[in-house]
Amino acid sequence: MTMTDTTNQAPLLTVRNLRVTAGSNALVKGINFEIFPKEIFALVGESGSGKSLTSLSIMRLLPEALTISHGEINFKDTKLFTLTETQMNTVRGRKIAMIFQEPQTSLNPVQTIGAQLKEVLELHQNIQGNALQAKLVSLLDEVGIPDPEARLKWYPHQLSGGQKQRVMIAMALACEPDLLIADEPTTALDVTIQRQILELLDKLRRDRNLGVLLITHDMGVVSEMADRVAVMQYGEILEQTDCKSFFANPQHEYSQRLINSLPDTKHFIQGEDAETILTVDDLKIWFPKKSGILQKTVGHTKAVDGVSFSVEKGKTLAIVGESGSGKTTTGKAILRLNPIHDGSIKFNGKELVGLSHKQFHPYRRDIQVIFQDPFSSMNPRMTVREIIEEGMVSLGVEPDADKREGKMRALLERVGMLPEHLDRFPHEFSGGQRQRIAIARALAVDPKLIICDEPTSALDVSIRGQVLDLLNDLQKETGVSLLFITHDLSIIPHLAHNVAVMKNGVIVEQGTTQDVMESPQHPYTQALLQAVPKIQTV
Amino acid sequence: MILPVVLWSDILIFALAIAVGLFVWQVRKNPLAKARWRTVFENKVGVTSFVIILFYVLISLVDSLHFREPLPQLEGENASDKVAYSSEVKSVLDLVLVNLEEGAETTYSAPFALYSFAKENMTAEDGTVYRDFPRLENGGSHLADEADHLWDIFGKSIQAILVGLIIGFIPVALHMWLRKRAGNTEDYIPWNVAYGTFIALVVISTWILMVSEYYHILGTDKVGQDVLYQSIKAIRTGVLIGTLATLVTLPIAIVLGISAGYFKGWVDDTVQFIYTTLSSIPGILLIAASVLLIDVYIETNPEAFNLTILRSDFKFIALCAILGLISWTTLCRLLRAETLKVSQLDYVQAAHAFGVSHSGVIRKHILPNVTHIILISVVLDFSAFVLAEAVLSYIGVGVDPNMHSWGNMINAARSELSRDPSVWWSVTSAFILMFTLVLAANLFSDEVRNAFDPRTAKGN
Amino acid sequence: MARVHLGDKHVTQEDIDNWKSQRGYDKPLFVNSERSGLDVVTDTIFFDKSIRLLAFDFGKSDEGRSIANDIEERMWPSLALQIPTFIIGIMVNICFALIIVMFRASLFEFAALTLCVGMLSISAVFYIIGGQFFFSKLWNLVPISGYLTGWDAIQFLILPIIIGVIAGVGAGTRLYRTIFIEEASKDYMRTARAKGVSELNILFKHLLPNGMIPILTSVVVVIPTLFMGSLLMESFFGIPGLGSYTLDAIQAQDFAIVRSMVFLGAVLYIIGLLLTDISYTLVDPRVKLS
């Protein structure tokens, strides 16, 4: 992606001393930046940095509880904060447009795509009749929606996530704005779709002379897309420069941390041969589709359609796939949280499928789980002690209360927390800390295999590495095996000895991590590897 | 020596009070629940409505201590002979309201009136008979000069208000002093508002009690009974219906709703079938049918109900039970929906993965998450039942006509209004007292909902 | 039942037996062993009274009138009262709710919501009594109660309809407002604003259509039961509809009528449930009939 020459041009957008407060709390503490025409300006930060609030302030779409207490934003020659609401409505959608993170919920569910596109066109431009229809079709075509005439009559729920985001882009660009604000436009999308959307944005920027404010937390995306970048943390801009200089020589320690949070994809973890602890053979998880008054089963949704893999003692198998691939369903089935239609799961040689609820109970001690969302995986009403203890009590680990207490304290220390944290509640901790508690909870019952369901996806990028390192260390210490489910290929070399790639309920390729990543055989694996945004080495 | 009488409803109401006490004690142990309740009481509206509700409940409790007075000794009997007791059952509240209770008239009279509402045949000193409004026996009987009527009311009122203020200030001052001594820094409750409400209630009560010695503040009804007295006695009925009926709905709705949402499968289908069938039958008809059955039972067992009050009490409790039995479907539906949602949460799945038993999961994970729905439902149902009682009494399937209730008062008032000039004070009295209670309950439930709904609660 | 019907006069056992045999209550409850063949089960009270309902054969009331005829006659006044109350009530509630939503976080909203709470804390009975007192007695605008067929009925219906609407304003407005507020916080509203759509248009073109889905589905289920009439309204206002029909039957302990009305009520409720499912598919493009 080429850099744009931004010298000698008047800035499109100027933000000066912007301050946003919620009551007495300052969430954005006086920031300054400029965006020039035809450039992609990346605003990078993690959760709580204030980057989204900044973008909403430009559009004056802040929620009621927040106020812009200071500063000014100039768009070309207009001071945006001096405009009335009606005047601002002529700017929104017409001169500055915005697309959001969640395409699933950002479209009106009861209006057709055509109607929603028409709305913005009729609002700002004077087109009617055939010209209008032609414009609608060309818009959809430009963003890569196949069969545009027919799709105009479709409703949002009939489109996929990626297609919804394309429609959002079409709506945003319909009236040819000068500036597009894209607030984490690809975070909620699959990696392969993300690649397509980013390429689309780049193409549109060049075709239409568009300035883009790209908000993201992914350094790889910044490296590939942006011309200039600003790093935000806790409401302040720490560093602001052009991309080349930024990646060559990041000034601020936080920037360095962010860049380094991208995992090392060159070094692969090694391990010796070991016995198999878990063997999955031709596992099928089919959900019945019921219809009719008598609720007869008319067919099945084949979430997992015959997968086979194995996990060795003390080693990690990563299952990689995008949403809908069936990877989480597989993991949950091993834990008996999903019903199994057919196939076999053998743990240490013993068959698990077909066991009754009671017979499976002792195995629960050996097979444990860590969930993706650290906020919903722990009961907010229970103390940390009760949370960790729950499993120990119900599985009969350490019946003696004092020894149990001692064990919990040791565990907390091992995962990097303090023993006094036992008496606190989950909401008092950050996401990364909670995930550590979740790891402690899983370890408390001395499992032999832990199923990690995307444990780092919901964490901030700078924290992810720490949690992964922790898991790695624990594996070396205790010899626990890990079944690591993820969509992020880049973290695998560091962590997993073997990898299986899943798509649409089947495994398309598996083998040692080094083999699969350095010489992928299946076209899907190749597409996945190619889609991950990487830092460009110039 | 008085003979205490314990009615079934008395037992229930005190048991309820104890249960609420236990609940409060429980809440104090749980910091999250404590924080939520704090938000409720941080709010002025929450505090005011709570004080008012408390006041009503207090009146009901005092009205639930029943006894029978001994009849005076007849001549010729020894003191050691068996004492006969009056068949009239009174309560402690009656002692407090003695002014209101005993000063009965013969028939209607307007509020603060000196004269009866209906003309009667009276004999003049010279023996001629004429029809005129007779002077009331009790209301305003102390007044010598009728011209002083308004001044008299005014004067007595000022007297009463002053006394009330003094009486009200004493506990308030004591409390303030205690607080200061304890040096309570975390003062989140707007105590001033609480004090204000308390003093206002005390002043009103004192005014009622003192002025009623001289006048019928809200007039008298058809048989001459003081209207205000009836309305105050009806408080117990209203409060009891609200709470008892709610008490009956709770266990059924909770057990069925949570089971349906948690176990799904055939349990869910069965529960849905039950509540759909129950909902399809018009409620009023069910109530009417059940009440008739109760009547039949009472008639066939006259020995068990020798006192009038026992009979009406039994009918009353039965009515509360019936109301409860047909009203559980809404809460059940809500609980089922919420349980379905909560079961999907990660930490519930984690509990399954840890092999926690079903009862353990329900107790520790599901119940705490649906408590807010139960709480909101409880308070809302309370006011719904109080309102419903009025309607039911009209149809004739409400409480026994012998029992004081707002519904019965309204029922009687219907024809009164159409008289010319109209008798409006019965309805008004019932309206004011009922409205205050229901409004306070609704406002309080709004505060509870705001504090407990996960979407609006603070700290989420 | 017999005693009540025959009145409090001195009633002999013979009178009661006669009454019973006239109406078929002298037969055994479930199984008639004196008969043979199919009659063993059919010549019983249960079959006679209850099963026949399934064929919509309501039989006769204790007075000897045909219940089916009575129902047919009396449903029109009920409908004439219920349908306008229903439609006007919903429209008024939606309008008020929208207005309150427009003035979010303002003093007006607070006052309006407090008013709603106050209004729903008043029992329907008070509205009726108050309405009758002020409108009919004091100001003499409309007759207190009564009914005439045809267009003359309007003067008798105005007051009950108004009171019915007012009694429902508190709860209805608050409920719809909650639904609208819930929709207002959804993401697509933010998208609409980002497009530059004016607040008014956002309200009517985005909020309202989406908010109507939950509103409509909660409303449709009630429609069939409108037939049954309002027990309260009809008896207070002397309107000869199905509501007062049921009420009189309860007080007279005429179980034949009560049974028929219960059955009718249940059937209508089930129809209401079906209608709700159907309306879901019509209104929400995400739902398909399966």
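Residues numbered from 1 in each chain as written. Chains lettered and ligands numbered in written order. Predicted model: local features only at pLDDT ≥ 70, side-chain atom pairs only at ≥ 80, totals over all residues.

Thoughts on the overall build of chain A
Part 1 of the argument: For chain A, the helix and strand inventory stands at 20 helices and 20 strands.
Part 2 of the argument: Taken against the 2.2 N^0.38 rule, which gives 24 Å for 538 residues, the C-alpha radius of gyration of chain A at 26 Å falls within 12% of a compact globule.
Part 3 of the argument: C-alpha extents for chain A along the principal axes are approximately 70 × 55 × 50 Å.
Part 4 of the argument: A buried classification covers 43% of the 538 residues belonging to chain A.
Part 5 of the argument: Of the contacts made within chain A by residues no fewer than 6 positions apart, 70% connect residues no fewer than 24 positions apart. (Helix = DSSP H or I, 4+ residues; strand = E, 2+ residues; numbered from the N terminus. Rg over C-alpha atoms; globule rule 2.2 N^0.38 Å. Buried ≥ 20, exposed ≤ 12 C-beta atoms within 10 Å, placed from the backbone. Contact = placed C-beta atoms within 7 Å.)

Regarding the interface of chain B and chain C
Part 1 of the argument: If you look at the interface, chain B gives 28 residues, while chain C gives 25 residues.
Part 2 of the argument: Only helix 9 (265-280), helix 10 (283-300), helix 13 (358-395), helix 14 (406-417) and helix 15 (425-452) of chain B provide two or more residues apiece to the side of chain B that touches chain C.
Part 3 of the argument: It is helix 15 of chain B that contributes the most residues to the side of chain B that touches chain C, nine residues altogether.
Part 4 of the argument: A per-class count over the side of chain B that touches chain C returns 19 nonpolar, seven polar and two charged. (Nonpolar A, V, L, I, M, F, W, Y, C, P; charged D, E, K, R; others polar.)

Things to note about the packing of helix 9 (residues 187-194) of chain C against helix 10 (residues 199-220) of chain C
Residue and element names in this part refer to chain C.
Part 1 of the argument: Where helix 9 meets helix 10, the axes come as close as 11 Å, and the angle between the chain directions of the two elements is 145°. In terms of crossing hand, the pair formed by helix 9 and helix 10 is right-handed. In this structure, helix 9 uses Tyr188, Met189, Ala192 and Arg193 to contact helix 10, whose residues at the interface are Ile202, His206 and Leu207.
Part 2 of the argument: In terms of residue class, the contact of helix 9 with helix 10 is made up of five nonpolar, one polar and one charged. (Axes fitted to C-alpha atoms, helices over the stretch in contact; angles between N-to-C directions. Left-handed = near helix turned anticlockwise from the far one by under 90°.)

A closer look at the environment of Leu232(C)
Part 1 of the argument: Looking at the secondary structure, you find Leu232(C) in helix 11 (residues 231-237).
Part 2 of the argument: Separated by 115 residues in sequence, Leu232(C) and Val117(C) place their C-alpha atoms 22 Å apart.
Part 3 of the argument: Excluding residues that lie within four positions of it along the chain, Leu232(C) makes contacts with Val391(B), Ala124(C) and Ile128(C).

Quick word on the packing of helix 13 of chain B against helix 15 of chain B
When two helices pack together, their arrangement is given by the angle between their axes and by how far apart the axes lie.
All names here are of chain B.
Part 1 of the argument: The geometry of helix 13 relative to helix 15 is characterised by a closest axis approach of 9 Å and an angle of 165° between their N-to-C directions. The angle between helix 13 and helix 15 falls in the class roughly antiparallel. In the crossing of helix 13 with helix 15, the sense of the turn from one axis to the other is left-handed. Between helix 13, through His372, Leu375, Ile376, Val379, Leu380, Phe382, Ser383, Val386 and Leu387, and helix 15, the contact on the second element is made entirely by Met434, Leu437, Val438, Ala441, Asn442, Phe444, Ser445, Val448, Arg449 and Phe452.
Part 2 of the argument: Residues of the contact of helix 13 with helix 15, tallied by class, amount to 14 nonpolar, four polar and one charged. (Parallel < 35°, antiparallel > 145°, perpendicular 65-115°, else oblique.)

As for the sheet that holds strand 4 (residues 67-75) of chain A
Each strand in a sheet pairs with another by means of backbone hydrogen bonds, the pair being arranged parallel or else antiparallel.
All names here are of chain A.
Part 1 of the argument: One open sheet accounts for four strands, arranged 2-1-4-5; its pairing is antiparallel. With one partner strand each, in any of the chains shown, strand 2 (25-35) and strand 5 (78-79) form the two edges of the open sheet.
Part 2 of the argument: Those strands touched by helix 1 (residues 51-59) are strand 1 (13-22), strand 2 and strand 4, and its axis lies near 110° from that of strand 1. (Pairing = 2+ DSSP bridges.)

Concerning the pairing of strand 20 (residues 506-512) of chain A
All names here are of chain A.
Part 1 of the argument: Two elements, strand 19 (residues 498-503) and strand 20, share six bridges in a ladder whose sense is antiparallel. Across the sheet, valine 501 pairs through a bridge with glutamate 509, a residue of strand 20.
Part 2 of the argument: Hairpin remark: strand 19 followed by strand 20, antiparallel, with two residues in the connecting loop; positive phi at asparagine 504, about 50°.

Overview of the sheet that holds strand 8 (residues 211-216) of chain A
All names here are of chain A.
Part 1 of the argument: One open sheet holds the six strands; their spatial order is 6-7-8-3-9-10, and the pairing between them is mixed. Here the strands that pair on one side only, and so sit at the sheet edges, are strand 6 (96-99) and strand 10 (236-242). Direction aside, neighbouring strands of the sheet carry axes that sit 15° apart on average.
Part 2 of the argument: As paired elements, strand 3 (residues 40-44) and strand 9 (residues 228-233) share four bridges and run parallel to each other. Across the sheet, the residue bridging to phenylalanine 41 is arginine 228, located in strand 9.
Part 3 of the argument: Sitting on the sheet, helix 6 (residues 161-173) touches strand 6 and strand 7 (179-183), and the angle it makes with strand 6 is about 170°.
Part 4 of the argument: Strands strand 3, strand 9 and strand 10 of the sheet are contacted by helix 10 (residues 253-260), whose axis makes an angle of about 105° with strand 9.

Thoughts on the confidence of the model for chain B
Part 1 of the argument: Model confidence for chain B is summarised by a mean pLDDT of 79, while 84% of its residues fall at 70 or above.
Part 2 of the argument: Scored as a whole, the predicted complex attains pTM 0.81, and scored at its interfaces, ipTM 0.79. (pLDDT = per-residue confidence, 0-100.)

Remarks on the interface of chain A and chain B
Part 1 of the argument: Counting residues at the interface gives 17 residues for chain A and 16 residues for chain B.
Part 2 of the argument: Contributions of two or more residues to the side of chain A that touches chain B are made by strand 16 (367-370) and helix 14 (384-394) of chain A.
Part 3 of the argument: Of the residues that constitute the side of chain A that touches chain B, the class distribution is six nonpolar, seven polar and four charged.

Re the pairing of strand 18 (residues 481-486) of chain A
On any regular strand, side chains alternate: one points to one face of the sheet, the next to the other face.
Residues and elements named next belong to chain A.
Part 1 of the argument: In terms of burial, strand 18 is a largely internal element, six of the six residues being buried.
Part 2 of the argument: Here strand 18 shows two buried faces, one formed by Ser481, Leu483 and Ile485 and the other by Leu482, Phe484 and Thr486.
Part 3 of the argument: Pairing of strand 13 (residues 316-320) with strand 18, which is carried by five bridges, proceeds in the parallel orientation. Residue pairing in the sheet places valine 320 in a bridge with threonine 486 of strand 18.
Part 4 of the argument: Relative to strand 18, strand 17 (residues 449-453) is paired through five bridges, and the arrangement is parallel. Bridged to leucine 449 within strand 18 is serine 481.
Part 5 of the argument: One crossover worth recording links strand 17 to the parallel strand 18 by way of helix 17 (residues 461-478), and it is right-handed. (Right-handed = clockwise from strand over helix to strand, strands pointing away.)

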